[in-house]
Amino acid sequence: MARAIQQRTLKTRANLLDAAKAVISENGYDALRVEEVVLRAGVAKGTFFSHFKDKDALMDQLIGKEIDQLLDQIETRSAPETIAEMVDALMPMMDFMTCERYVFDVILRHSGAAANSDIGPIAMTFERHAEVVSKWLADKPFRTDISPDLQAEGVQAFEIQAISLVFCALHNAISPRERLETYLTAWLMPGS
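Quick summary incoming for the structure in this document. For clarity, every value in this text was computed on a predicted model and none was experimentally measured. (Residues numbered from 1 in each chain as written. Predicted model: local features only at pLDDT ≥ 70, side-chain atom pairs only at ≥ 80, totals over all residues. Heavy atoms only, no water.)

Check the secondary structure of the protein chain and you find 9 helices and 0 strands. Considered along the principal axes of its C-alpha atoms, the protein chain spans approximately 65 × 40 × 30 Å. Counting over 192 residues, the protein chain shows a buried share of 41%. Counting only contacts in the protein chain whose residues sit at least 6 apart along the sequence, the fraction spanning at least 24 positions is 65%. When the accessible area of the protein chain is evaluated, it comes to approximately 10400 Å², of which 52% is carbon and sulfur surface. Taken as two groups, the 20 positive and 28 negative side-chain charges of the protein chain have centres that lie 8 Å from each other. (Helix = DSSP H or I, 4+ residues; strand = E, 2+ residues; numbered from the N terminus. Buried < 20%, exposed > 50% of the residue type's maximum accessible area, 1.4 Å probe, protein only. Contact = heavy atoms within 4.5 Å. Areas by Shrake-Rupley, 256 points an atom, 1.4 Å probe, with all protein chains shown as cover. Lys, Arg positive; Asp, Glu negative; His and termini not counted. Charge placed at Lys NZ, Arg CZ, Asp CG, Glu CD.)

Dropping the structure here:
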């Protein structure tokens, strides 16, 4: 009996996620409303809230999964030999993170965790991102005076800065690609 309940619970959750993805594909992330998700999934609103604390918790799942898929693609690439190659590898993820202001806001809200119980999919992608970039930097022609882990944290920080300036009216004239190349050249290239 418990197994049947668990299967039904998993199926309901999958239906909610699929319904949310359909709404997003038609209207975007910011336009998603819980009411539309439950209508498409064919469940009551209370069912939604038994699976997700709120809309943000649903977005943490969906956006975290999208970032994880992009990290899967990044991980399959050869380690970049140049700053331009590194930026090329990171641009699909940066493009996703800037696809809507709402997406970036959710990412920022969920990028850290106040407690272990708060660690969600987006927070986990930040850890994974640093690990992937650190592996790239381990034996490459970049800085040797600091560890690859610290270099990777800097890359991540500069990515977030470049992304955040996309949404800044005073500083959005420079593309995120160009900005990130400038930052990473200054951060990773000895004597730059």
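Between helix 7 (residues 121-137) and helix 8 (residues 148-164), the shortest axis-to-axis distance is 8 Å and the interhelical angle comes to 125 degrees. Considered as vectors, helix 7 and helix 8 are oriented oblique to each other. Like other packed secondary-structure pairs, helix 7 and helix 8 cross with a definite hand, here right-handed. Each of Phe-126, His-129, Ala-130, Val-133, Ser-134 and Leu-137 in helix 7 lies in contact with helix 8, whose residues at this interface are Pro-148, Asp-149, Gln-151, Ala-152, Val-155, Gln-156, Glu-159 and Ile-160. Looking at the contact of helix 7 with helix 8 residue by residue, the class counts come to 8 nonpolar, 4 polar and 2 charged. (Axes fitted to C-alpha atoms, helices over the stretch in contact; angles between N-to-C directions. Parallel < 35°, antiparallel > 145°, perpendicular 65-115°, else oblique. Left-handed = near helix turned anticlockwise from the far one by under 90°. Nonpolar A, V, L, I, M, F, W, Y, C, P; charged D, E, K, R; others polar.)

Time to look at the pattern of salt bridges. Note that side chains of opposite charge can pair when their charged atoms are close. Applying the stated criterion to the full structure yields 12 salt bridges. A salt bridge links Asp-145 to Arg-143, with the shortest nitrogen-to-oxygen separation between them at 2.8 Å. What makes Asp-145 exposed here is its relative accessible area of 56%. Among the residues examined, Arg-143 registers a relative accessible area of 21% and is labelled partly exposed. (Salt bridge = Lys/Arg side-chain N within 4 Å of Asp/Glu carboxyl O.)

Turning our eyes to something else, we now look at the nonpolar core. Core analysis: the largest hydrophobic core is formed by 55 residues, its most contacted members being Ile-63, Met-86, Val-155 and Leu-188. Only helix 1 (2-27), helix 2 (34-41), helix 4 (55-76), helix 5 (83-97), helix 6 (101-110), helix 7, helix 8 and helix 9 (176-188) provide two or more residues apiece to this core. By residue number, the principal contributor to this core is helix 5, which donates 10 residues. When neighbours within four sequence positions are excluded, Val-155 is seen to be in contact with Met-86, Leu-90, Val-133, Leu-137, Leu-184, Trp-187 and Leu-188. (Core = buried A, V, L, I, M, F, W, Y, C linked by side-chain atoms within 4.5 Å.)

Next up on the list: the side chain of Gln-151. Tracing the sequence through the fold places Gln-151 in helix 8. Exposure remark for Gln-151: the relative accessible area of 1% places this residue in the buried category. Apart from the residues within four sequence positions on either side, Gln-151 is in contact with Leu-137, Phe-142, Arg-143, Ile-146, Trp-187 and Leu-188.

Under the definition given, this model contains 0 disulfides. With no disulfide of its own, Cys-99 lies 19 Å from the sulfur of Cys-168, the closest cysteine sulfur. With a relative accessible area of 22%, Cys-168 lands in the partly exposed category. (Disulfide = S-S within 2.5 Å.)

Attention now goes to a negative patch on the surface. Negative charge collects at one region of the surface, where Glu-127, Glu-131, Asp-149 and Glu-153 lie side by side. Where the negative patch is concerned, the elements lending two or more residues are helix 7 and helix 8. With respect to the secondary-structure elements, Glu-131 resides in helix 7. Residue class for Glu-131 comes out partly exposed when judged on its relative accessible area of 43%. (Patch = residues over 30% accessible without salt bridge, like charges linked within 9 Å, V, L, I, M, F, W, Y side chains within 5 Å.)

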